[in-house]
Amino acid sequence: MERIERNLSAPITDVAIEKTQDTVSKWFQRFQAKLINLFLLKGLLLVVVGFLLGRALILNELTPFALPFFAAVFMMKKGKAGIAMAAVVAGSFTLSADVTIFTFLSIAFFLVIYKVLQRFKVDLIKALPTLVLISSAITKAGILYLTQGAITIHDGVMIGVGSGLAFILTLIFLQSVPLLTEKRRRQSFKTEEVICLIILIASVLTGTMGWLVYEMSISNILSRYVVLLFAFVAGATIGSTVGVVTGLILSLANVTSLYQMSLLAFSGLLGGLLKEGKKAGVALGLIVGTLLIGLYGEGASQIIPTLYESGVAIFLFLLTPKGLISKVAKNIPGTPEHSAEQQQYLRKIRDVTAHRVSQFSTVFEALSNSFSEYGYPVEDEDKDREVDLFLSNVTEKTCQSCFKKEACWSKNFNKTYDYMKDIMHGCETNSLMYNHKLTRDWEKHCVRSKKVIEAVEQEFTYYQANQKLKKQVKESRKLVADQLLGVSQVMSDFAKEIQREGENHHLLEEQILDALQSFGIQIGHVEIYSVEQGNVDIELSIPYCNGSGECEKLIAPMLSDILEETILVKREECSAYPNGFCHVTLGSAKAYVIDTGAAHAAKGGGLVSGDSYSTIELGVGKHAVAISDGMGNGERAHYESNETLELLKKILQSGIEEKVAIKSVNSILSLRTTDEIFSTLDLAVIDLQDASAKFLKIGSTPSYIKRGDKISKIQASNLPMGIIEDFEVEVVDEQLKAGDLLIMMSDGIFEGPKHVENHDMWMKRKIKEIQTNDPQEIADLIMEEVIRTRSGQIEDDMTIVVTKIKHNTPKWAAIPAYAYQKTKSKAI
């Protein structure tokens, strides 16, 4: 007794609830897998559908569904054709013996024609609808002729209608039958597949006509259930479409139930509109549709059976599991579930792409580290080891066969070693011929002193070449490391941009719409791509404005108020006709803008100048101005300078740092040709957000900044590009201000004035004397002044580029409302 009480008083938590739930879940999964295997793989679904299509009747005498269904199964799944044929024949047997004979003979005749055409290598998939039409028409005509002895006009019309329906149904079943036979397929249906599936379902429901349960029609119940399901899943459009198609096909089967089409279509529309109310809202739509259409269809006397049918359909709909509804929704385009599935797929692709790019970035970074000097530790003994190797090569050629070898290298090793080391140092500094004491002491010490000195000088030539080669390899390795690291950083930034989630801007879009509409501006749509500070990107459409500048004058200032940032019209496409829409792109305004003027002339007034210049928008809020001077004049110099700028432009626009870009261009130019063709480069990169500037001058002349009456010079010392493979680029940083004038020029301008000793002072004085602030006028005036000093002669290619820094003030701007409100609140 105590043992029983102890067992009863055991804690309930000891019961393995989770284990029981897992067992039930596994059992349900196995049961579901068996059902899928039975219906899809074994073909039970084809049997059910074939049976119902075999007994489906239209206009009380046409059975156009059986042969098209069998033909589609035969073409798509030949292994299931036997059970499909048995199913449609069995279904037709439930109607009458005549229908059964027609179904069997039409299938047999179709197979005969198919086998005959197969020998002629005809494209049977394209010819299948025609084969079905011919088989149906000939079989029906033959049966009528044998039974009646003649074919009336009515019989001919019905044969034509039945065969035409069979032709169309074959096209439909070719699209929808694969949906009944494949376990796994793509995630979404095509639009035509959805329509074909709806027609197939309606055709199958036609096979249930005449089935009653407690005086309730099975076809009515199932058709309303299908309408409820699609209205809940896909909304009013698909719901009403399903209702119209299903009701039309059912009314063809039984003309007395024509009002069912109106009931199903209206219920699908109402259910779709009320889908926000979940299943209850869709069910309410069916009830309202049943009451309204039922009263006008068969009258008040039949409203109760109709409501019973709708009630059973609603009951089945409420019992439908969410998992099944979700699976159906994922396959229909336009549903939120389908959109979420597509977004998940796109997100997966994006993550995979970002991961791949990130992996490439890691690979390039690893390669950069392997090439960098940090991977090769420098030891203090390296120089001594190289000296020892050098002296060993000398002694091998001289001391190895000397009779005093033992005395010099065994007894007086340190003394001999120091002497030879001093001789090596003397060769290195070219001071050996002046060091008479060393040569006298060495002659006393060595019996082959002159031969040893000659060997040292000869070996030192190889030693210098070897050291130079090592230095070049080290410099090349460092350049490659910098380039790989630059590529790695660009790819890493790109991977981060890919992984950046697209933000949901619905609330902001509604706020913008409300603000603009309250101001009396009609907006077609608003698309917000980015609201990041300094990188705003918004597209919207407005009705035809007739070029009144509505966007620039009203919309941009209002968006600046909402986003608390200056917004400008980036691009505007006006409608070509009055009833259309204008499409506008708006974005962040930069704090500063650039105004550029340039003047250039070729040597001797020729057409081709060896100088080239370019202004480059880097796409990251930076603006670059570059001048390149090719060596010499003419086409070859122009080609070199232009090629230098093109290479630099492409590398800079890829996002690689300026120093690495210039080193890369220099490396390409130095390795590309063995001719002594060099190029200078004068580059200024200006940040349009804070007006900071970086100057990189490679063999170029000074540049000047004019700020009021003050003239400052920008200068750096670097060899022209292409002379040596690697060099350290000296970067000069300057902070520019609004109103500053940046004057950049080639050597033809800077060194052009005749009889001038100090070109720098002359240029500063001329720039200071210029009264205008227009960049183009300044460039023209300086060019003209230089040519005047040469009495009108142009003795070298000349190029000058003048850049003016200005505050970016929109033409149409307003005092932001938020600023006014803040000022007002502070005053209160």
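Refer to the structure above for everything that follows.
Please read these numbers as outputs of a predicted model, since none were measured by experiment. (Residues numbered from 1 in each chain as written. Predicted model: local features only at pLDDT ≥ 70, side-chain atom pairs only at ≥ 80, totals over all residues. Heavy atoms only, no water.)

## Overview of the nonpolar core
Part 1 of the argument: Formed by 42 residues in total, the largest nonpolar core has its most connected members in Leu53, Phe65, Phe69, Phe110, Tyr114 and Phe173.
Part 2 of the argument: Among the elements of the structure, α3 (44-54), α4 (66-76), α5 (81-93), α6 (97-119), α7 (124-148), α8 (153-176) and α10 (191-206) are those that each provide at least two residues to this core.
Part 3 of the argument: Considering every element that reaches this core, the biggest residue donor is α4, with nine residues.
Part 4 of the argument: The contacts of Phe173, once residues within four sequence positions are left out, are Leu53, Phe65, Pro68, Phe69, Ala72, Pro178 and Leu200. (Core = buried A, V, L, I, M, F, W, Y, C linked by side-chain atoms within 4.5 Å. Buried < 20%, exposed > 50% of the residue type's maximum accessible area, 1.4 Å probe, protein only. Helix = DSSP H or I, 4+ residues; strand = E, 2+ residues; numbered from the N terminus. Contact = heavy atoms within 4.5 Å.)

## Observations concerning unusual backbone geometry
Part 1 of the argument: At Lys278, a residue that is not glycine, the phi angle is positive and equals roughly 65°.
Part 2 of the argument: For Lys278, the position within the fold is in helix α14 (residues 278-297).
Part 3 of the argument: For Lys278, a relative accessible area of 60% translates into the label exposed.
Part 4 of the argument: The backbone phi angle of Ala691 is positive, close to 65°, even though this residue is not glycine.
Part 5 of the argument: With respect to the secondary-structure elements, Ala691 resides in the loop between β10 (679-687) and β11 (692-698).

## Focus on the pairing of strand β13 (residues 710-714)
Part 1 of the argument: Bridging between strand β12 (residues 703-707) and β13 involves five bridges; their strand directions are antiparallel. If you follow Ser703 over to β13, its bridge partner there is Ile714.
Part 2 of the argument: Connecting the antiparallel pair β12 and β13 is a turn made up of two residues, with Gly708 showing a positive phi of about 70°. (Pairing = 2+ DSSP bridges.)

## Let's talk about the packing of aromatic side chains
Part 1 of the argument: Counted according to the given criterion, the structure contains seven aromatic pairs.
Part 2 of the argument: Arranged with centres 6.3 Å apart and planes meeting at 85°, the rings of Phe70 and Phe110 form a pair that is edge-to-face. One end of the pair, Phe70, is in helix α4; the other, Phe110, is in helix α6, and 40 residues separate them in sequence.
Part 3 of the argument: A residue is classified by how much of its surface remains accessible, and Phe70, at 2% relative accessible area, is buried.
Part 4 of the argument: Cluster of aromatic residues (ring-pair linked, three or more members): Phe70, Phe74, Phe110 and Tyr114. (Phe/Tyr/Trp six-rings, centres within 6.5 Å; stacked < 30°, edge-to-face > 60°.)

## So, a nonpolar patch on the surface
Part 1 of the argument: On the surface, Leu269, Leu273, Leu274, Leu284, Val288 and Leu292 cluster together to form a nonpolar patch covering roughly 480 Å² of accessible area.
Part 2 of the argument: With three residues, the top contributor of residues to the nonpolar patch is α14.
Part 3 of the argument: Tracing the backbone through its elements, the reader meets Leu274 in the loop between α13 (259-273) and α14.
Part 4 of the argument: Judged by its relative accessible area of 34%, Leu274 falls in the partly exposed class. (Patch = residues over 30% accessible without salt bridge, like charges linked within 9 Å, V, L, I, M, F, W, Y side chains within 5 Å. Areas by Shrake-Rupley, 256 points an atom, 1.4 Å probe, with all protein chains shown as cover. Salt bridge = Lys/Arg side-chain N within 4 Å of Asp/Glu carboxyl O.)

## Considering the pattern of salt bridges
Part 1 of the argument: Scanning all chains against the criterion turns up 10 salt bridges.
Part 2 of the argument: For Lys713, the salt bridge goes to Asp760, with nearest N and O atoms at 3.5 Å. One end of the pair, Lys713, is in strand β13; the other, Asp760, is in helix α28 (residues 759-769), with 47 residues separating them in the sequence.
Part 3 of the argument: A relative accessible area of 34% means that Lys713 is categorised as partly exposed.
Part 4 of the argument: Glu784 is the partner of Arg788 in a salt bridge, and the nearest nitrogen-oxygen pair spans 2.8 Å. Of this pair, Arg788 and Glu784 both sit in helix α29 (residues 775-789), four residues apart, which is roughly one turn of that helix.
Part 5 of the argument: Glu784 sits in the partly exposed class, given a relative accessible area of 37%.
Part 6 of the argument: Linked by salt bridges that have partners in common, Arg765, Lys766, Glu769 and Glu785 make up one network.

## Comments concerning the sheet that holds strand β16 (residues 798-807)
Part 1 of the argument: Ordered by their spatial adjacency, five strands build an open sheet running β7-β16-β15-β12-β13, and the pairing between neighbours is antiparallel. Lying at the two open borders of the sheet, with one neighbouring strand each, are β7 (592-601) and β13. The mean angle between the axes of side-by-side strands here comes to 20°, regardless of whether they run parallel or antiparallel.
Part 2 of the argument: Judged from the five bridges that link them, strand β15 (residues 741-745) and β16 form a sheet pairing that is antiparallel. Among the inter-strand pairings, Leu742 is bridged to a residue of β16, identified as Thr803.
Part 3 of the argument: Packing of α29 onto the sheet brings it into contact with β7, β15 and β16, and relative to β7 it is tilted by some 25°. (Axes fitted to C-alpha atoms, helices over the stretch in contact; angles between N-to-C directions.)

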